[in-house]
Amino acid sequence: MKFLGYRRSDGKVGIRNHVLIFPTIVCASEVARMISNEVPGTVYAIHGCGCGHVGEDKEQVIRTMVGFTGHPNVAGVLLVGLGCEVITPEIIAGELAKSGQRVETVSVQKAGGTTKCVEEGRRLAGKLLAEAAGAKRESIDVSELILGLECGGSDALSGLTANPALGIASDLLIAQGGSAIFSETTEMLGTEQVLGKRAANAEVKKRIYEIIAAADTKAKSMGVDIRGSQPGPGNIAGGLTSIEEKSLGCIRKGGSTTIMDVIKYAEQPAKKGLIIMDGTALDVMNDTGLIASGAQVIVFTTGRGTPVGTPTAPVIKVSSNSITYNNMKDNMDINAGVIVDGQGTLRSVGEQIFNEIIEVASGKLTKAEILGHREFDIHSLGPVL
Amino acid sequence: MQEKAILIDKKDNVATALCQLVKGDSIPVAVEDRSVGVVLLQDISFGHKFALTDIPQGDAIIKYGEVIGLATKPIRQGEHVHIHNVESQKGRGDKR
């Protein structure tokens, strides 16, 4: 099966053609936003990182910024710095040069303040936009798609309708040679025995047990019962009793195929097929990690209803129940609630999700894109020093 | 299908309500090829669970065929199963 995408100079495939205005440091956030606001057609992504990082934390933030700004959904990027930060535009631009990503940089201190920096940024962003306009969609095989799997605001129906239907869509994509990444390690607590059985080999199985044990240790290190955060108040109101129950529903997004590898947050997988990313439970940070790992499109299931999108990758929203679908229709792309209403089956909704992925990959806008949802955050490991 | 409640795995000892259920209702739950009637002892909200059998204190609550927690008190057939009578075994930093 084919879709219409953008082939980039490094051979990777994008499904959007964004010009991204990206601060490498929180202190340049507002300047980046001002530049983007003055150049319609660009997108921006602001966050709280860029300084105070050392060691593994610094590596993770840099890996995330490089993966996100060098992503094939991004035609060109303007990096905005302050001038005295740990992670400068030059560091990220140096990494991006390796893949041939089109990049420009600007810095507030060097430009001589906000006004001058916005002026310079506006000129550079306009140039990037003009260049991006030349990109054309071409026919590309679905085996080049990487699907990010996410859930948020889960209820007891998420694990019965939306997540297993998404699992079917994920299986369909992988059967055609594509890849899918699922994550949210906290929401794998209590499922290691289920996931371990699906590992491609002993090493992958060991890594699955390791990342889940590490998430449990981290949760315990706070010295309290994590109930109240996992599951959260909305989850509990929706009928989810324990993290184990939430997790067992959560992992059904991953379908039934062999787990080929376990990667770090924002790491690009070397294998194809189903991949686990060791990520956080917070959806917006996790979306960023999935995109930085190479996902071009995200399918996001929700029980309680959440509106979030991302700056650069389309997010397809699937509601687990008809009440939420009808209540938040302007946010929802697909209603998996039809499965319990007797108007659909897991299979039919799974196929509907798969077909929607192909259409969205070819350019159809999702509800989150239409509404302008561009939530963004980076999962920093800390501590901030 | 429009069932009132769903049993996910045959090993499960709880079912999930697919609509608002009312105390005293007898809810048919499909267990393999037969239907078991469970009389509800309480109202059960959409998405919430009720016990299919009596579950002694300390016994596992099973959903998706896997353990989702332990009963913190005896639970009777038809009773609401949730955070007031089940505790998680994971992320328990309070139990070191």
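Just so you know, the residues in each chain are numbered from 1, in the order the chain's sequence is written. Here the convention is simple: chains get letters from A, ligands get numbers from 1, in the order in which they are written. Totals for whole chains, interfaces and linings use every residue, but because this is a predicted model, local features are given only for residues with pLDDT of at least 70 and side-chain atom pairs only at 80 or more, for both listing and counting.

## Some details on the pairing of strand β10 (residues 259–264) of chain A
All names here are of chain A.
Line of reasoning, step 1. With C-beta atoms placed from the backbone, a residue is labelled by how many other C-beta atoms lie within 10 Å of its own: buried for 20 or more, exposed for 12 or fewer, partly exposed between the two. Helical segments are the DSSP runs of H or I of at least four residues, strand segments are the runs of E of at least two, and each set is numbered from the N terminus. The buried fraction of β10 amounts to five of the six residues, a majority that puts the element mostly inside the structure.
Line of reasoning, step 2. Strand pairing is defined by DSSP finding a minimum of two bridges between the two strands. Judged from the five bridges that link them, β10 and strand β11 (residues 274–278) form a sheet pairing that is parallel. Counterpart to V262 in the pairing with β11 is I276.

## So, the interface of chain B and chain A
Line of reasoning, step 1. Note on contacts: each residue gets a C-beta atom placed from the backbone, and two residues are in contact if those atoms are within 7 Å. In this assembly, 27 residues from chain B lie in contact with 30 residues from chain A.
Line of reasoning, step 2. Among the elements that take part in the side of chain B that touches chain A, strand β7 (residues 66–71) of chain B stands out by supplying four residues, more than any other.
Line of reasoning, step 3. Here the term charged refers only to Asp, Glu, Lys and Arg, the term nonpolar to Ala, Val, Leu, Ile, Met, Phe, Trp, Tyr, Cys and Pro, and the term polar to all other amino acids, Gly among them. Split into classes, the residues belonging to the side of chain B that touches chain A amount to 10 nonpolar, 10 polar and seven charged.

## What about the sheet that holds strand β1 (residues 5–6) of chain B?
Paired through backbone hydrogen bonds, the strands of a sheet run either parallel or antiparallel to each other.
All names here are of chain B.
Line of reasoning, step 1. Strands sit in the order β1-β2-β5-β8 across an open sheet of four strands; the sheet is antiparallel. In this open sheet, the two strands that pair with only one neighbour each are β1 and β8 (80–81).
Line of reasoning, step 2. As judged from the two bridges shared by strand β5 (residues 49–51) and β8, these two strands associate in the antiparallel manner. Bridged to K49 within β8 is V81.

## Brief notes about the domain arrangement of chain A
Residues and elements named next belong to chain A.
Line of reasoning, step 1. Domain delimitation follows an automatic or database domain assignment. Here the domain parsing of chain A yields domain 1 (18–132) and domain 2 (140–371).
Line of reasoning, step 2. Averaged C-alpha coordinates put domain 1 and domain 2 at centres separated by 29 Å.
Line of reasoning, step 3. Counting from both sides, the interface comprises 14 residues of domain 1 and, opposite them, 13 residues of domain 2.
Line of reasoning, step 4. Element by element, the count of residues in the side of domain 1 that touches domain 2 is highest for helix α2 (residues 55–69), at five residues.
Line of reasoning, step 5. The residue makeup of the side of domain 1 that touches domain 2, split by class, is seven nonpolar, six polar and one charged.

## Considering the packing of α2 of chain A against helix α11 (residues 283–292) of chain A
Residue and element names in this part refer to chain A.
Line of reasoning, step 1. Contact geometry for α2 and α11: axes closest at 8 Å, N-to-C directions at 65°. Considered as vectors, α2 and α11 are oriented roughly perpendicular to each other. In the crossing of α2 with α11, the sense of the turn from one axis to the other is left-handed. Two secondary-structure elements touch here, α2 through R63, T64, G67 and F68 and α11 through T288, G289, I291 and A292.
Line of reasoning, step 2. Considered class by class, the residues forming the contact of α2 with α11 number three nonpolar, four polar and one charged. Helix axes use the C-alpha atoms of the stretch in contact, all axes being lines fitted to C-alpha atoms, and the angles between their N-to-C directions lie in the range 0 to 180 degrees. By definition in this entry, angles of less than 35 degrees are roughly parallel, angles greater than 145 are roughly antiparallel, angles of 65 to 115 are roughly perpendicular, and the rest are oblique. Handedness of a helix crossing follows the sense of rotation of the near helix relative to the far helix, less than a right angle counterclockwise being left-handed and clockwise being right-handed.

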